[in-house]
Amino acid sequence: MSRIAATFSRLKQQGRKALIPFFTAGDPDPASCVPLMHALVAGGADIIELGVPFSDPMADGPVIQRSSERALKHGVSLRDVIGWVAEFRKTDSDTPVVLMGYANPVESMGFDVFAAAAKTAGADGVVVVDYPPEEAERLVDTLDAAGLDTVFLLSPTTTDARLKQVAALGRGYLYYVSLKGVTGAATIDVDDVARRLSHIRSFTALPVGVGFGIRDGDTARRIADVSDAVVIGSRLVQEIEAAPAEAAARARSFLSGIRSAMDGGTAA
Amino acid sequence: MRVYDLPDAKGHFGPYGGVFVSETLISALEDLKEAYARFKDDPAFLAEFAYELKHYVGRPSPVYHARRWSEHFGGAQVYLKREDLNHTGAHKINNVIGQALLARHLGKPRVIAETGAGQHGVATATIAARYGMECVVYMGSEDVKRQAQNVYRMKLLGATVVPVESGSKTLKDALNEAMRDWVTNVENTFYIIGTVAGPHPYPMMVRDFQSVIGKEAREQMPEMTGRQPDAVLACVGGGSNAIGIFHPYINDESVRLIGVEAAGHGLETGQHSATLCAGRAGVLHGNRTYLLQDDNGQIIETHSISAGLDYPGVGPEHAWLKDSGRAEYVAVTDDEALEAFHKLCRLEGIIPALESSHALAYAAKIAPRMRKDQILLVNLSGRGDKDMHTVAEKSGIKF
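The paragraphs below set out a description of the structure included in this document.

Definitions and cut-offs
Residues numbered from 1 in each chain as written. Chains lettered and ligands numbered in written order. Predicted model: local features only at pLDDT ≥ 70, side-chain atom pairs only at ≥ 80, totals over all residues. Heavy atoms only, no water. Disulfide = S-S within 2.5 Å. Buried < 20%, exposed > 50% of the residue type's maximum accessible area, 1.4 Å probe, protein only. Contact = heavy atoms within 4.5 Å. Buried area = accessible area lost by both parts, 1.4 Å probe. Salt bridge = Lys/Arg side-chain N within 4 Å of Asp/Glu carboxyl O. Polar contact = N/O pair within 3.5 Å; in protein donor to acceptor, adjacent residues only side chain to side chain. Helix = DSSP H or I, 4+ residues; strand = E, 2+ residues; numbered from the N terminus. Phe/Tyr/Trp six-rings, centres within 6.5 Å; stacked < 30°, edge-to-face > 60°. Lys NZ or Arg CZ within 6 Å of the ring centre and 35° of its normal. Pairing = 2+ DSSP bridges. Axes fitted to C-alpha atoms, helices over the stretch in contact; angles between N-to-C directions. Core = buried A, V, L, I, M, F, W, Y, C linked by side-chain atoms within 4.5 Å.

Turning our eyes to something else, we now look at the state of the cysteines. Residues and elements named next belong to chain B. Tallied over the entire structure, the rule returns zero disulfides over all chains. Cysteine Cys277 shares no disulfide, and the gap to the nearest cysteine sulfur, in Cys235, comes to 13 Å. A residue is classified by how much of its surface remains accessible, and Cys277, at 31% relative accessible area, is partly exposed.

Here we take up the interface of chain B and chain A. Opposite the 38 residues of chain B that make contact, chain A presents 36 residues. Interface area, chain B with chain A, both sides summed: about 2,900 Å², of which 48% is carbon and sulfur. Contact with chain A buries area across many residues of chain B, yet Glu23(B), Arg180(B) and Gln298(B) alone supply 24% of it, more than any other trio. Summed over the shared surface of chain B and chain A, the number is three salt bridges. The salt bridge involving Arg288(B) is made with Glu107(A); its shortest N-O contact spans 2.5 Å. Counting across the interface, chain B meets chain A through 23 residue pairs in polar contact (both at pLDDT 80 or more). Contributing elements (two or more residues each) for the side of chain B that touches chain A: strand 2 (16-20), helix 1 (23-39), helix 8 (171-184), strand 11 (280-284) and strand 12 (286-291) of chain B. Looking at the side of chain B that touches chain A, the element that brings in the most residues is helix 8 of chain B, giving eight residues.

Enumeration over the complete set of coordinates arrives at 13 aromatic pairs over all chains. For the ring pair Phe111(A) and Tyr131(A), a centre distance of 6.1 Å and an interplane angle of 85° mean the geometry is edge-to-face. Placement of Phe111(A) in helix 6 (residues 111-121) and of Tyr131(A) in the loop between strand 4 (125-128) and helix 7 (137-146) is noted, with a sequence separation of 20 residues between them. The pair formed by Phe111(A) and Tyr131(A) is uniform in burial state, with each residue classed as buried. Pairwise contacts between aromatic rings join Phe111(A), Tyr131(A) and Phe20(B) into one cluster. Arg82(B) extends its terminal NZ or CZ atom over the ring of Tyr64(B), reaching a point 5.9 Å from the ring centre. One Lys or Arg, Arg104(B), reaches over the ring of Tyr131(B) and ends 4.3 Å from the middle of that ring.

Strand-to-strand pairing in sheets goes through backbone hydrogen bonds, with the strands running parallel or antiparallel. All names here are of chain B. Taken in spatial order, the six strands make up an open sheet running 3-4-14-9-10-13, and their pairing is mixed. Of all strands in the sheet, those with a lone pairing partner are strand 3 (63-65) and strand 13 (327-333), marking the two edges. Taken over all neighbouring pairs, the strand axes of this sheet differ in orientation by 25° on average, direction set aside. Pairing analysis gives seven bridges linking strand 10 (residues 256-264) to strand 13, with the strands arranged parallel. Residue pairing across strands places Ile258 opposite Glu328, the latter belonging to strand 13. Sheet strands touched by helix 14 (residues 334-348): strand 3, strand 4 (77-82), strand 10, strand 13 and strand 14 (375-380). Its angle to strand 13, the strand with the most contacts, is close to 90°.

Glancing now at the nonpolar core. In terms of nonpolar packing, the biggest core is built from 99 residues, with Phe23(A), Leu50(A), Leu99(A) and Phe114(A) touching the most fellow members. Here Phe23(A) is in contact with Cys33(A), Leu36(A), Met37(A), Leu40(A), Ile48(A), Glu49(A), Leu50(A), Gly51(A), Leu236(A), Val237(A) and Ile240(A), once residues within four sequence places are set aside. In terms of nonpolar packing, the next biggest core, distinct from the first, is built from 90 residues, Ala103(B), Ala123(B), Ala128(B) and Ala174(B) among them.

Before going further, it helps to examine unusual backbone geometry. Backbone torsion omega between Leu6(B) and Pro7(B) reads 10°, so that peptide bond is classified as cis. One can find Pro7(B) in the segment before strand 1 (12-13). At the junction of Arg59(B) and Pro60(B), the peptide bond is cis and its omega measures out at 0° in the coordinates. Of note, Pro60(B) is situated in the loop between helix 2 (43-57) and strand 3. The residue Phe212(A) is not glycine, and still its phi comes out positive at about 80°. In this structure Phe212(A) comes out as buried when scored by relative accessible area, which is 12%. With a phi angle near 60°, Lys169(B) is a residue other than glycine that sits in the positive phi range.

Keep in mind these numbers describe shape, not what the thing actually does.
Okay, here's the thing in structure tokens:
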């Protein structure tokens, strides 16, 4: 069983939902990446989505755009990010790591080289934001062969025909983007998410995570009630941006607030 | 004769083109694809488009025999397709009218656009005023500083100009920001892309609207010269004026197609915008095409004296035309383009845009080596009024 499947299965037995933080690797600086990953696990992360910086993050709002720019100022490359996953794996063999980014750095490295390097480093899954299923078959084949999960996004406007396509190609879990727009935008309508998720579940047995617009413990708890996983990105990156010197401590403390809210404690 | 019918149903030109966007944009693109398929052969829509091109833009644009310039070379005869005479001063308006008409038919009251030098922004602001639409133009904050006059023109026409502070603060970042606006406001907003880039169906749709240039030329050249030209030349940034004049000639293999990119300070300096001459394939702005990128797949900053060519990507159909060998792509430097600019001013009384001056400069390179009965057709895609400041500065003159 893959690390991602094992994680969801363990959580299910415990009656808990997955907490998936996202941050951009190399933000605020390259040395922070691995300590931040460990801090997030200490704060209650079940899976880490590790952002690969790109010069043109078309689907991201200003918070994640800035984080990408900070990382790129340090010259962070996809190879660096894969290297940090290997470093993280030396002391954490349980927490799945999903690389999340845009197509061009992956195409530039080449699918085969990328898949082999990511697998060897100990990565578990890949989200390529600008590869919809129509363009992703060759990537999925390559990642399948390497034993890596290809995670796809779903949106409020995904049609049933495409849901079927995504359900057939998706591995590990599906990522439901709960808002129209870019990352870090507006607020989330929990009832609407609940309706959409039950519809999505009629097409797939994969766990479904929800992201975009989750900014506090209370919302995270209500989303956790109706989904399998809660993804928090922009709000976490804001913590890192606000106090780069204390990024790991701030990230850990912020995430543990979300974790306790999700597990039924007081809302952060 | 082979029949050229790309793109395929998924928007692919061979390995290029396609739809490389986040899931959140897919349904908007599906709706656009469906709407364009409905209207593109609709006689009423086409009649409306033709009416606007004739009475508002002033089409057909003439073809002009540049006699003195040709005599100066002592070789091929050079003809110019005068897109510079269009309303707003360039070919950009052809495409904007087509997309704005689609927006009207789809009931979208708000249009948005990205712009680099400001020409596409001005064309969009113009049509938005003409049709009574709200208009927001995204422009890199660096370009806002460099192109103050065009920013003012857009504001005069009633548009809101939003400076973009992310990334390199230039055209590519303006395009990213316009996409972000579109995905957020898709219910009431139509995104008018200014070139043959972006996700399918944009490269096809913009090409179709711009191909009026080549269709007219195919009728005009035999009337003037008794035959089609030996070669058609056009400058290539994103590539919309070039595709516009190339496309109706693709099946006619006796006509050479030559795209001219911006070599800036020289290809060897790395400071250029010659994507097809010096780039490699990748994915940006929703399509796979040639890109100027570093070893890690990050998009790099480009340079050209002509802001309209200063773009790190290029339309996917050009990538295909290059690989298939049907079109040739070359590059000329800032200095070569400026020399052609001044020559055309002095010998023909025409002030060309710096973009178009790149195509003129390559014509100036090859014409002297050709026979006097051979014919070159250059797409004079825009006029140079907007470039007075840049050219004067190069000559050490301050206004």
